[in-house]
Every structure is written in structure tokens, then in C-alpha cells.
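Reading the structure
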Amino acid sequence: MDTPWWRDAVVYEVYVRSFADASGDGVGDLPGVRERLPYLKDLGVDAIWLTPFYRSPMADGGYDVADYRDVDPLFGTLAEFEALVADAHAHGLRVIVDIVPNHSSDRHPWFQEALRGQGRERYLFRDRPNNWQSTFSGPAWTQVADGQWYLHLFAPGQPDLNWRNPEVHAEFLDILRFWLDRGVDGFRIDVAMGLYKAEGLPDVKDQSFKAVSPVWGQPEVHEVYRNWREVLDSYPGERMAVGEVWTDRADDLALYVRPDELHQSFNFAWLQAPWSPTGFKQVIIDTLATVPFATWVLSNHDVVRHRTRYDTADPGTGLMRAKAALLTMLALPGSAYLYQGEELGLPEVKNLPPEARQDPVFFQSKGELPGRDGCRVPLPWTPDGPSLGFSPGDTLPWLPQPDDFPAFNAETQAGDPESTLAFYRRALSTRRDLLRSLPYHLEWLDSPEGALFFTRGPLICAINCGPAPVDLPPHARVILSTAPLPDGTLPPDTATWLHAE
Ligand code: NOJ
């Protein structure tokens, strides 16, 4: 039997608001994504993951859903969504949509009803708050007019749903079917380790996002995913689900991907690994030992772009390391998730003016935390124009693009064989060609100080995280490198794929 598509897929995250604007209002939209499908096809990805495009007052960029079965006018219409799916499929691209089950918007009809005093058992209303804090800073409770409080682990506009209420289960099963019926290939599950809170909502000492605690990771959540798996399996065409599970333990992550639960879960340990051969190796070992089908990710719309995370005092280092980490990730067994703009080598935008910022994290922390806008700045498509081709006409994008953005534009990079975009295209097409001959497992090779070497069938991957060049392992030929390999050596901050002897 053929391997299901998602096991080794490269999935490209489209943060819809910031990808491409077709309507000309400065905000990215579904027709904008549709127009750029040829770009994604040429890039060589297998699937796209669309961040939420549902009706929303946008208290958290759309992760506050007011109607789970409709498209927000800012992003288009349901008919435009259907046209996008049809076109994506015609281009050979699968489509994953985001599902947000931990909380709804405060404008959702259920919450509006709750404010009027009815159906409060669909949310977590209490007479007195406990000591829980919002992930975005500040208390996790807001008081309503009659004196009761409701729980929101994120913004006040994102009230947490009560998964101990069977009505909530039925509603989400129906929402899954609604989008499956419209041809989606899978779901990305927002805050997948949330949903259930410990009975009695006890006070906590440590509320880290990663801890298994009364706040996160309650065992009851697994029953939800067993039910969802049954629905997914009842549809033809290998429909899948990938969970956003933040946990600091690989064995805890493994619980979410048992054979009758989710197909995949993001492997944030890879994204958090330090720039060192031992750091990378440990994550690879732990991952392959604990989950049946690995995933790898370096960036997404919630974290500082990896190019910037890898920066040192030397300005060229961040991009070199970013490419080397990517090549290493693409050599690993399993599937890889990319975040829009990394193929252009985009850095985090650190100097957004306070008045431009939109992320609730910035406001809830009273400006103490910068928030996540810096990785969400609209993409530069062309070298010129008021929005660098993001919007048509003279419209300015919803977040300002910094002065150095023209240098990263996709059009110029597409014509330059030395560009980051050209490198991504080469890496993805080479990976696709190699894939059939690669076994799922890997073997470690003896590596010099500072470097990490491993093989997968005929492929050797070598990365040098150290300060000095190292000798390459014996090989028949070089397949691809992130930088030139002078005299058979691998320079610092460089990775290469070699064909075994
Ligand atoms: C995770 C999403 O990726 C993030 O952007 C959002 O703010 C929270 N979940 C809350 O929905």
C-alpha cells in the first residue's frame, strides 16, 4: 500500500491575513491565496494550511470564531473558499483548515445567549474566579453584568467552551463534517491540549503553557480525538488532523498521536532546540523514539522567525543557519511544516511602531511583550509599489512593511538562482525525487566536534553548528548544500546532502 500523503508531506502555512490581498483592502484573503497557487506549486510543497478565515470580530486575528460555518467577508465568501479548494486540488495541493475548539468568539450566538443568562453551561461561568492567568497576560477571567465571571485562557473575546457539555461535542462533530463535505483534506487543531480543565478548576502554582496541569492536558481530551478520528476515517481520501500540542515531554505528545487519535502533532521541540549538534540530535532521538510519524517545524505565526532566532552579532549568520536547519529538517523522516515567508528568508520585524501593533498579547501585557505581529507582516511579492505587490493599487497593508522588505521580494528572488527562494525550490524538488528511496529510519554517523552526520538509505545529511570547518564524511557526490564546500570541508553554519558511496 502507498504511504498516506501526510506522512512525508511538506505543508506550507498560509497566515491568510498576511499572504496576498486580492480585494484591495490591505488584508490578505482567500482569492489572494488562490491567485498565488502557482507560486506554491512551483515552490514544491504538498499541502497548504490556512489559518482561520471564519466569521470573526478579529480579537485575535480570527482565532476568535463567531460562525464556524461561514467565511468572514474580510477574507471572502464560502463560494470563494470552494473555488480555492477546487483550484488547489487541480494544482495537486492538499488543503488543511484550522479548527478552533478550545474557545469561541464572544460574538458567537452561544456566548451572546449566555450573556443574556441562558446556556451558560456551554462555557465556564463561575461566581468567583480562580487564580488562572491568560496565556496573553492578565487574569483569565472577566466579569459580566450580573456579577458572574467567565474563563478565557486567551483574550477576553475568546471565552473557553465547556467540553464537559455534550452539546459542544455534537456541535464540533458537525463543524468537522461541514468542512469535510467541502473537500478539505485535514484540520489543524488549535490549542489541542486545552479543551478540558480539571474538575473544580483548582488554583495552580505553575501555569506554563507546556505543563500538564489542571489547565492543560487533561486525559478526557483524548476521547474527543478518538471521536474525531472516526469521522475523518469515515470519509474517503486520507483526511487527517494535526494537533497544536505544546508540551515539554515527548511521551506526553505521543498520547495525542495514538493510532485511533490524531495523525500528527506539531513537534515544537525542534523549533525550540538550541543551535548545537547535541540539541538537534536529542530532539531527533526523542521524537523518533516516541511518535509513530514525526513532524518538524522551525517557524509559525506565533513565534519569532527562525532566521532571526539564529542571528548572532554577524548579520549573515541567521540566514545561513536558517537554511542549514531547513536542509537538515527536510532530510528527517516524517513531514515538515513551513511558514510563509521563510522561503524568502524573511526576518522578524522587530521595529513595528506601537501604534501599528495589533496582537492582543501586546495590549494585554500593556506593551511589555511585543506580541507576534513581527512574524505576521504582509509578504513582499514585488520590488516596488506601496505594498510591494501584497495589495493591488495604492492600498497599504494592515501592518507596515519595513524599509528592508523590498530586498526580500518573491519576484526578484524567483529570477535569481542564488536566492533563498531558489534554494528552497531546489531543496523541495530534490527531496521529492529522493523520497521514494528513503527508509523511515535514520542512522547516526561518527561526527566531528560541532557537527552532526546521519544517513537515511543513500542520503547522508551533514550539518556543522560549530565554529570551525570539518571534514565531510566519505561520499560519492554532493547533492545539495546551503553554501559552497571548499576543499571537501563543511564550513560553519552550513549543511549538505551527500550521496553515499
Ligand atoms: C494558537 C494560535 O496559533 C494562536 O495564534 C492563537 O492566538 C491561540 N492559539 C489562541 O487561539
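Predicted, not measured: the structure shown is a model, and the values here were computed from it.

Looking at the state of the cysteines
Throughout the structure, instances matching the rule amount to 0 disulfides. This cysteine, Cys461, is not joined by any disulfide, and Cys465 carries the nearest cysteine sulfur, 10 Å off.

Quick notes on helix α14 (residues 420-435)
In an α-helix, one turn spans 3.6 residues, which is why side chains three or four residues apart end up on the same side. Relative to the 22 Å expected for 16 residues at 1.5 Å per residue, α14 spans 22 Å between its end C-alpha atoms, a close match to the ideal helical length. For α14, the complete set of buried residues consists of Thr420, Leu421, Ala422, Phe423, Tyr424, Ala427, Leu428, Thr430, Arg431, Leu434 and Leu435.

Description of the side chain of Thr430
Among the structural elements, Thr430 can be located in helix α14. Looking at Thr430, its side chain comes within polar contact range of the main-chain oxygen of Arg426, at 2.6 Å. Residues within four places of Thr430 in sequence aside, it is in contact with Ile479, Leu480 and Trp497.

So, the nonpolar core
Counting residues in each nonpolar core, the largest one holds 157 residues, and the members touching the most others are Tyr12, Leu50, Phe53, Phe81 and Tyr225. Per-element tally for this core: the top contributor is helix α11 (residues 317-331), with 8 residues. Those residues in contact with Phe53, other than ones at most four positions away along the chain, are Leu30, Asp70, Val71, Asp72, Phe75, Phe81, Val97 and Trp179. Of all hydrophobic cores here, the second largest spans 8 residues; its members include Phe453, Ile460, Val470 and Leu472.

With respect to the site of the ligand
In the region of the ligand, 14 residues are neighbours, and Asp60, Asp190, His301, Asp302 and Arg372 sit closest. Separating an oxygen atom of the ligand from a side-chain N or O atom of His103 is a distance of 3.0 Å. A distance of 2.8 Å separates an oxygen atom of the ligand from a polar atom in the side chain of His301. Its residues placed into classes, the shell around the ligand shows 4 nonpolar, 3 polar and 7 charged.

Re the pairing of strand β13 (residues 335-339)
When you tally the buried positions in β13, you get 5 out of 5 residues, the bulk of the element. A two-sided burial pattern is seen for β13, the buried positions comprising Ser335, Tyr337 and Tyr339 on one face and Ala336 and Leu338 on the other. Across 4 bridges, the pairing between strand β1 (residues 10-14) and β13 is parallel. If you follow Glu13 over to β13, its bridge partner there is Tyr339. Bridging between strand β12 (residues 295-297) and β13 involves 3 bridges; their strand directions are parallel. Across the sheet, Thr295 pairs through a bridge with Ser335, a residue of β13.

Some details on the sheet that holds strand β16 (residues 459-464)
Pairing is antiparallel across the open sheet formed by 5 strands, whose spatial order is β14-β15-β16-β20-β18. Looking at strand neighbours, the two that pair on one side only are β14 (443-445) and β18 (477-481), the edges of this open sheet. Across the sheet, the axes of successive neighbouring strands diverge by a mean angle of 25°, strand direction being ignored. In the sheet, β18 pairs with strand β20 (residues 494-499) via 4 bridges, with the strands oriented antiparallel. The residue of β20 that forms the bridge with Arg477 is His499. In the packing of helix α9 (residues 277-290) onto the sheet, contacts are made with β14, β15 (451-456) and β16, and the angle to β15 comes to roughly 35°. Most of the contacts of α11 go to β20, to which it runs at about 35°, and overall it touches β15, β16, β18 and β20.

A few points about the domain arrangement of the chain
A common measure of how large an interface is: the accessible area buried when the components associate. In terms of domains, the chain is made up of domain 1 (5-102 + 166-348 + 421-432), domain 2 (109-151) and domain 3 (438-499). Spacing between the C-alpha centres of domain 1 and domain 2 amounts to 28 Å. Taken together, the 15 residues of domain 1 in the interface contact 13 residues of domain 2. Roughly 1,200 Å² is buried in total at the junction of domain 1 and domain 2, and carbon and sulfur atoms are behind 61% of that figure. One can count 1 salt bridge joining domain 1 with domain 2. Inspection of the region where domain 1 meets domain 2 yields 5 residue pairs in polar contact (both at pLDDT 80 or more). A breakdown of the residues in the side of domain 1 that touches domain 2 according to their chemical character gives 9 nonpolar, 1 polar and 5 charged.

Some remarks on the pattern of salt bridges
Applying the stated criterion across every chain, the model contains 26 salt bridges. Across the pair Arg55 and Asp70 runs a salt bridge, and its minimum N-O distance is 3.0 Å. With Arg55 in strand β3 (residues 54-55) and Asp70 in strand β4 (residues 67-71), this residue pair connects regions lying 15 residues apart in the sequence. Across the pair Arg188 and Glu244 runs a salt bridge whose closest N-O atoms are separated by 3.6 Å. Of this pair, Arg188 sits in strand β9 (residues 186-189) while Glu244 sits in the loop between β10 (240-243) and α7 (250-256); the two residues are 56 residues apart in sequence, bridging distant segments of the chain. Relative accessible area serves as the criterion here: at 1%, Arg188 is assigned to the buried category.

A closer look at unusual backbone geometry
Backbone geometry at Leu195 places phi at a positive 65°, although glycine is not the residue there. Relative to the helices and strands, Leu195 is located in the loop between β9 and α6 (221-233). The backbone of Asp487 shows a phi angle near 55°, a positive value even though the residue is not glycine.

A look at the pairing of β15
Within β15, 6 of the 6 residues are buried, which leaves the element mostly enclosed by the surrounding structure. Going residue by residue along β15, you find Ala451, Phe453 and Thr455 tucked away on one face and Leu452, Phe454 and Arg456 tucked away on the opposite face as well. Where β14 meets β15, 3 bridges bridge the pair, whose relative direction is antiparallel. The residue bridging Glu443 from the neighbouring strand is Thr455, located in β15. Between β14 and β15, which pair antiparallel one after the other, the connecting turn spans 5 residues, and Gly450 there sits at a positive phi close to 90°. Counted along the chain from β15 to the antiparallel partner β16, the turn is 2 residues long, and its residue Gly457 has a positive phi close to 55°.

Rules behind the numbers
Residues numbered from 1 in each chain as written. Predicted model: local features only at pLDDT ≥ 70, side-chain atom pairs only at ≥ 80, totals over all residues. Heavy atoms only, no water. Disulfide = S-S within 2.5 Å. Helix = DSSP H or I, 4+ residues; strand = E, 2+ residues; numbered from the N terminus. Expected span 1.5 Å × (residues − 1). Buried < 20%, exposed > 50% of the residue type's maximum accessible area, 1.4 Å probe, protein only. Polar contact = N/O pair within 3.5 Å; in protein donor to acceptor, adjacent residues only side chain to side chain. Contact = heavy atoms within 4.5 Å. Core = buried A, V, L, I, M, F, W, Y, C linked by side-chain atoms within 4.5 Å. Near = heavy atom within 4 Å. Nonpolar A, V, L, I, M, F, W, Y, C, P; charged D, E, K, R; others polar. Pairing = 2+ DSSP bridges. Axes fitted to C-alpha atoms, helices over the stretch in contact; angles between N-to-C directions. Domains from an automatic or database assignment. Buried area = accessible area lost by both parts, 1.4 Å probe. Salt bridge = Lys/Arg side-chain N within 4 Å of Asp/Glu carboxyl O.

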